[in-house]
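Chain by chain, the residues run as shown.
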Amino acid sequence: MASNQLIIWLLIGCILFAFALFFSKPIKTIARIFVQGIIGSTFMFVLNFLLIPLKISVGINVLTAFIIGVLGLPGLVTLYILQVML
């Protein structure tokens, strides 16, 4: 009985290891987008505060955080350019 359990646990471990290898890149990408979105939203908050005299502000929400998370600094600049143009 013990050898059967050992084989089952080894198979489960191999399957979990294969899933970890297969999904490690997508998880890293999602984590990078999330972290960049948080950092970018914080930077956008500071920029909104500094640009109060020019009456330029961009709303901070999930969509803008996602745009900044995916595009980074160019996305942040694009959001402000679009705000000025519109």
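Worth saying up front: this structure is predicted, and the values here are computed from it rather than measured. Counting starts from 1 at the beginning of each chain's written sequence and moves along it residue by residue. Since the coordinates come from a predicted model, pLDDT governs what is reported: local features require at least 70, and pairs of side-chain atoms require 80 or more to be given and counted, while whole-chain, interface and lining totals use all residues. Side-chain measures here rest on the full set of heavy atoms in the structure, leaving out hydrogens and waters.

## Here we look at the overall build of the protein
Right, on to step 1. Secondary structure elements follow DSSP: runs of H or I of four or more residues count as helices, runs of E of two or more count as strands, with numbering from the N terminus. Looking only at helices and strands, one finds 3 helices and 0 strands in the protein.
Right, on to step 2. Ordering the α and β elements of the protein from the N terminus gives α-α-α.
Right, on to step 3. For 86 residues, the compact-globule formula gives about 12 Å, and the C-alpha radius of gyration of the protein, at 22 Å, lies well above that figure.
Right, on to step 4. Overall size of the protein, expressed as C-alpha extent along the three principal axes, is 75 × 20 × 15 Å.
Right, on to step 5. With a 1.4 Å probe rolled over the protein chains alone, any residue whose accessible area is under 20% of its type maximum counts as buried; one over 50% counts as exposed, and the rest are partly exposed. Split into buried and exposed, the 86 residues of the protein put 19% on the buried side.
Right, on to step 6. Pairs at least 24 residues apart make up 59% of the contacts formed inside the protein by residues separated by at least 6 positions.
Right, on to step 7. Methods summary: accessible areas were calculated by the Shrake-Rupley approach with a probe of 1.4 Å, and residue burial reflects only the protein chains presented. Carbon together with sulfur atoms contributes 82% to the accessible area of the protein, which is approximately 6900 Å² in total. Only C-alpha atoms enter the radius of gyration, while the globule expectation follows 2.2 Å times N to the 0.38, with N the number of residues. In this analysis, two residues are considered to be in contact whenever any of their non-hydrogen atoms come within 4.5 Å of each other.

## Points about a nonpolar patch on the surface
Right, on to step 1. Patch membership needs two things, relative accessible area over 30% and no salt bridge, and members are linked within 9 Å if like-charged or within 5 Å if nonpolar (Val, Leu, Ile, Met, Phe, Trp, Tyr). The salt bridge criterion pairs a side-chain nitrogen of Lys or Arg with a carboxyl oxygen of Asp or Glu, the two atoms within 4 Å. A contiguous nonpolar patch, built from Phe-43, Leu-73, Val-77, Ile-81, Leu-82, Met-85 and Leu-86 and spanning about 780 Å² of accessible area, is present on the exposed surface.
Right, on to step 2. Counting residues per element, the nonpolar patch draws most heavily on helix H3 (residues 73-85), which supplies 5 residues.
Right, on to step 3. Looking at the element boundaries, Leu-86 is found in the segment after H3.

## Regarding the packing of helix H1 (residues 2-50) against H3
Right, on to step 1. Between H1 and H3, the least distance of the axes is 11 Å, while the angle of their chain directions is 35 degrees. The handedness of the crossing between H1 and H3 comes out as right-handed. Here Gly-40, Phe-43, Met-44, Leu-47 and Asn-48 of H1 come into contact with H3, specifically with Leu-76, Leu-79 and Tyr-80.
Right, on to step 2. Across the contact of H1 with H3, the residue classes break down as 6 nonpolar, 2 polar and no charged. With axes taken as lines fitted to C-alpha atoms, and helix axes fitted only over the stretch in contact, angles between N-to-C directions fall between 0 and 180 degrees. Should the near helix be turned anticlockwise from the far one by less than a right angle, the crossing is left-handed, and should it be turned clockwise, the crossing is right-handed. Residue type decides the class: Asp, Glu, Lys and Arg count as charged, Ala, Val, Leu, Ile, Met, Phe, Trp, Tyr, Cys and Pro as nonpolar, and the leftover types, Gly among them, as polar.

## Some details on the side chain of Ser-41
Right, on to step 1. Structurally, Ser-41 is set in helix H1.
Right, on to step 2. Ser-41 gets classed as buried once you look at its relative accessible area, which sits at 14%.
Right, on to step 3. Not counting the four nearest positions on each side in its chain, Ser-41 is found in contact with Ile-60, Ala-65 and Ile-68.

## Side note on H3
Right, on to step 1. Expected span, for any helix, means 1.5 Å times one less than how many residues it has. Under the 1.5 Å per step criterion, the end-to-end length of H3 is 18 Å for 13 residues, consistent within 8% with the ideal 18 Å.
Right, on to step 2. Taken residue by residue, H3 has Gly-75, Leu-76, Leu-79 and Tyr-80 as its buried positions. Angular distribution of buried residues about the axis of H3 spans 135 degrees; they occupy a single face of the element. Pointing more than 90 degrees away from the buried face of H3 are the exposed residues Leu-73, Pro-74, Val-84 and Met-85.
Right, on to step 3. Looking at the buried positions of H3, the neighbouring elements they touch are H1 and helix H2 (62-71). The arc under discussion is defined with respect to the helix axis, by the directions toward the C-beta atoms.

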